[in-house]
Amino acid sequence: MADTIILEVERFHPERDTEPSYQSFEVPLRADWMVLDALNFIKDQLDGSLAFRWSCRMGICGSCGMTINGVPKLTCETLLMDFAPGPVRVGPLDHFPVVKDLVVEMDDFMAKLQKVRPWIVRKDDFKPQREFIQTPAQLEAFHQFSLCINCTLCYAACPVSGLDSNFIGPAAIALAHRYNLDSRDQGQEDRLDIISQHEGIWDCTVVGECSTVCPKGVDPSLAIQQYKLTATKEWFKSFLLPRGKN
Amino acid sequence: MPQYTTFQPKPYRPRMSAYWYLDQWHYLRYALRESSSFFVAYFCVITLIQIATLKAGPTHYAHFQALMRCPVIIILNALALAFILLHAVTWFLLVPRVALRQVLNRPTPDLIASTPNFMVWFGATLIVALFILGVF
Amino acid sequence: METSAHDILIIGGGGAGLRAAIEIAELNPKLSVAMVSKVYPMRSHTVSAEGGAAGVAGQDDSIDEHCYDTISGSDWLGDQDAIEFFCNEIPKELLRLEHWGCPWSREPDGRIAVRPFGGMKKMRTWFAADKTGFHMLHTLFQTSLKYESITRYDECFATRLLVEDGAVRGLVAIELRSGKVRAIQAKAVIICTGGCGRVFPFTTNANICTGDGMALAYQAGAPLKDMEMAQYHPTGLPFTGILITEAARAEGGWLLNKDGYRFLQDYDLGKPTPTPVFRSMELGPRDRVSQAIIGEFEKGRGFHGPYGDYVHLDLRHLGEHKIETRLPMVRELCLKYENLDPVKEPIRIRPVLHYMMGGVHTDINTATTLPGLFAAGEAACVSINGANRLGSNSLGEILVYGARSGRSALQYIEGANGRSNQSAILSQAADEERRLEQQFLRKTGGTERIAKLRDEMSHTMETGCGIYRERNSLVDSANKLSELHERYQNVAMDDHTRTFNTQLTSALELGFMLDVAETIVHSALNREESRGAHQRRDFPKRDDNKFLAHSMAYRSAEGPPQIEYLPVVITRWPPGERVYGR
Ligand SMILES: Cc1cc2nc3c(=O)[nH]c(=O)nc-3n(C[C@H](O)[C@H](O)[C@H](O)COP(=O)(O)OP(=O)(O)OC[C@H]3O[C@@H](n4cnc5c(N)ncnc54)[C@H](O)[C@@H]3O)c2cc1C
Ligand code: SF4
Ligand code: FES
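Cut-offs and rules
- Residues numbered from 1 in each chain as written.
- Chains lettered and ligands numbered in written order.
- Predicted model: local features only at pLDDT ≥ 70, side-chain atom pairs only at ≥ 80, totals over all residues.
- Heavy atoms only, no water.
- Contact = heavy atoms within 4.5 Å.
- Buried area = accessible area lost by both parts, 1.4 Å probe.
- Salt bridge = Lys/Arg side-chain N within 4 Å of Asp/Glu carboxyl O.
- Polar contact = N/O pair within 3.5 Å; in protein donor to acceptor, adjacent residues only side chain to side chain.
- Helix = DSSP H or I, 4+ residues; strand = E, 2+ residues; numbered from the N terminus.
- Nonpolar A, V, L, I, M, F, W, Y, C, P; charged D, E, K, R; others polar.
- Pairing = 2+ DSSP bridges.
- 1 Å grid on protein atoms, 1.4 Å probe; cavity = no way out; pocket = protein on both sides within 12 Å on 5 of 7 lines; lining within 4 Å.
- Points joined across faces, edges and corners; volume = space filled by probe spheres on them.

Asks: Requested: an account of the interface of chain A and chain C, with residues and values cited.
Replies: How large an interface is tends to be reported as the accessible area lost when its parts come together. Contacts between the two partners involve 68 residues from chain A, matched on the other side by 65 residues from chain C. In total, about 5,300 Å² of surface goes out of reach between chain A and chain C, with carbon and sulfur atoms giving 53% of it. Three residues, Arg57(A), Met58(A) and Ile60(A), lead the burial of chain A against chain C; their summed loss comes to 13% of the area buried on that side. Counting across the chain A and chain C interface gives eight salt bridges. A salt bridge links Arg53(A) to Glu155(C), with the shortest nitrogen-to-oxygen separation between them at 2.7 Å. Viewed at the interface, chain C and chain A are joined by 37 residue pairs in polar contact (both at pLDDT 80 or more). Of all the secondary structure elements, the ones that give two or more residues to the side of chain A that touches chain C are helix 1 (35–46), strand 6 (98–100), helix 2 (107–115), helix 3 (136–143) and helix 6 (170–181) of chain A. Of the residues forming the side of chain A that touches chain C, the biggest block, five residues, is contributed by helix 1 of chain A. Along the lines of polarity and charge, the residues of the side of chain A that touches chain C split into 33 nonpolar, 15 polar and 20 charged.

Asks: Help me get a handle on the interface of chain A and chain B, residues and values and all.
Replies: On the chain B side, the residues contacting the 35 residues of chain A number 28 residues. Contact between chain A and chain B buries roughly 2,500 Å² in total, counting both sides, with carbon and sulfur atoms accounting for 57%. Summed over the three residues of chain A that lose the most area to chain B, namely Glu15(A), Val206(A) and Glu209(A), the buried surface amounts to 18% of that side. Across the chain A-chain B interface, the total number found is zero salt bridges. At the junction of chain A with chain B, the criterion picks out six residue pairs in polar contact (both at pLDDT 80 or more). When residues in the side of chain A that touches chain B are grouped by element, the largest group, five residues, is from helix 9 (residues 220–240) of chain A. A breakdown of the residues in the side of chain A that touches chain B according to their chemical character gives 17 nonpolar, eleven polar and seven charged.

Asks: So what's going on with the sheet that holds strand 5 (residues 125–126) of chain C? Residues and values would help.
Replies: All names here are of chain C. If you walk across this open sheet you meet the three strands as 3-5-4, and the pairing is antiparallel. Since the sheet does not close on itself, it has two edges, and those belong to strand 3 (53–54) and strand 4 (114–115), each with one partner. Examined bridge by bridge, strand 3 and strand 5 share two bridges and lie antiparallel to one another. Bridge pairing links Ala 54 to Thr 125 in strand 5.

Asks: If you had to explain empty space enclosed by the protein to someone new, which residues and values would you point to?
Replies: Summary: where empty space remains is shown by rolling a probe the size of a single water molecule over the atoms. Residues and elements named next belong to chain C. Counted under the stated rule, the structure contains eight cavities of 30 Å³ or more. For the lining of the largest cavity, the secondary-structure elements that each account for two or more residues are helix 1 (15–27), strand 2 (33–37), strand 7 (156–164), helix 5 (212–219), strand 15 (347–356) and helix 10 (394–415). The residue makeup of the lining of the largest cavity, split by class, is 19 nonpolar, 24 polar and seven charged.

Spelled out as structure tokens, the structure:
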């Protein structure tokens, strides 16, 4: 077996390029290397100007998402060996503006996170002296949706988010859903007004790719479909029991 | 000379091509699944016409049957059948992406979640087939 | 250059920084709070913490017991007033986090669940499965989004503090995306920049843990305290350094040498029992367990692997169910990075550098010696951790002292005079921009690759200043570091552009790390005793007469840091022997 592999890395430098191109690098192929290790090899030994984000190298900080051979993945937990004999194509995440090389712009995503009000909302002034009682089953109800590491792979996989940049998108909706399902929260109504707009859940056409690529098993698609169900129920209820806006 | 700049650069905004659904197999599969709805509608219309001609009397129905035997329609129907199979299979496979986990309240393996649908589907097909074959 | 001004500026968006920002926003929503972070806050290293956060919860536990465990764990180098405050506050802080939505693991009746942890006599570690830090960080970050008074500068890299008449007045930072240099002014600055594990070659720490804040404070004239106290975690994966949480041992995992023998019993850590016993065997403190593993390596009773020696952490007897429910992340990490299932095979582990007990010296109010400069979290040293931190005390520390730093900064700006000499500050910032250009951006002809310098630095730290140290090894490391400082001036730059120049940040981080490494080595050289994480082969005993004191490293104009000593605060617990498993 060859002991090197070719990495075709997408390069884009806004100060001199108008569009991206690929550059090939030959890197060692080692059994325990992740794609991230190969990128670091390039940066350390071959070309220090290559830009990409990474930090924890253990699949939890969510910064190293890139497109590897067309599929969005965390580079720190994708074995290089899986692509032998190569070449491997590494590009920035799809559907995001590219700042430089493999780095994409995150502003829009960060704004969407904030928009869904991802914090515990209490309508009463209840301030318990001790913890809210929450049974393991109540915890289980939202736990899965609290595992999102904000890696945005799901946005890169979702054609809807590529076509309509206003779409709030999988991770942000899953996050809203996480708080809705939390037994301590009372903010469902506030969030519904945001999420049930067209750019919210109704933009989703159930491609299902977000859940396929999600590295943490969050299953944002499930969150969206469950949310649609709730929104529909609320819509019907609003006919039967019209509630005043406050 | 180093190319040191102070220029404030603009990010590159990739645009999705008009044929984005051809870019990836997953997307193509999705596009096919979505377009399969068209054939579902087509079959519904055919069935409605069938019922209408049946009600209008034997001559009308014979006419309808003759039309159905025309090669173009046969090809069209075969295509529609393929798409309807695709429609059923892809949507059943999507069940775990949609709601079931809420019912069981536990992560369920995808295949287990979609199996009941397939079973009901095959069961219904069997009954219809037996009916057509005149077993009942 | 762009300029902006705020009331209080926080460097760092990890647990400590976010907690501080929320505290200020809650107490006075009118104040403008700025948070500068070189990564998006939810990427901060707090995200990697797995095991949990200690806080007295049960009826049979008491604050005093938590204090005692922490103090003896610190080998009496922790300040007892700071520890008492910490132990009193932490249950309230953890509860606050519960109210903000942190998904703490629960008892069947819905109350918070606690688990045992190394060096702790009682079950008091709150946890959220084995992603505690992840959940804490995301809860804090998401909660922080609701306060409008917090302005975030995400992906902004701080390069220098702005100091006027000895008082800190803001900082200079590079906005990564545009490469713009920003001067951000504030009446008070809080450093919450986390640890510096990347100074060492094998570490659980993320790529961003480069001690930037410590170096920034040090360069501005504040002393760094107890820098020789660097904690090794006994159980890291050999190649990546990824941490296998202590919870794996708390749940009943065993450490085995190559003969399948639970060797900790040979190191005065108690007798083996089938189920875990508090403060004994595998639940001993980290320093002692790491030292025991090195002991096995030296006796030739470890395994040999491509990345050095290792021993086994065996979880197989816990069974699949327990591993899957209590330690899912351990299994996930082993499967991914070691291609091994802990249900079926023992895990290969070695001690790896994990945590910096030392940091920017602060008093119990988190104030540094420079007016207007505060510090909290791993970057600071108040000190509750002394010579050895107990697992699960640091997630608590970032909350308790993060919040306190917010309050202290608030108090300070109410009393301080708000006027500052704009032109002096801006000219300082302009100087800094010029330095960045000359030293890095416009620099050509450098020959020293950053990665090479970094590797040489980390290896000299490991060989000269690792778990066991002695005079000769430390002197070698000190010499090597001054050589690297020289060579750093000749660093090679491939990237001369502005946009997202990560080579520039790597170069700056290397500079910070070299400073931090120097304080570590010189503090270690001067402390001629063994205490906690600091084990000198040439001085194997603890020496309370001379060294019941914090080392304080001051920057000197030329040459190595100046080391002075500050007595430890002892209130109710006079120094005693550290007893485990007896
Ligand atoms: C793998 C692992 C597991 C752990 N498990 C536990 C545990 O179970 N229990 C426990 O109590 N503790 C644990 N710890 C320790 C604990 O997680 C850390 O000590 C703590 O999270 C540090 O938090 P912090 O807020 O001080 O810093 P961090 O979370 O590291 O945040 C630092 C912040 O500073 C910013 N920053 C740094 N430099 C600059 C700069 N130059 N310019 C701008 N911004 C900058 C960064 O962007 C970041 O936002 C663990 C640590 C590790 C490594
Ligand atoms: S939902 Fe999954 S894929 Fe999407 S951002 Fe969160 S962790 Fe990443
Ligand atoms: S580097 Fe943190 S998720 Fe990959």
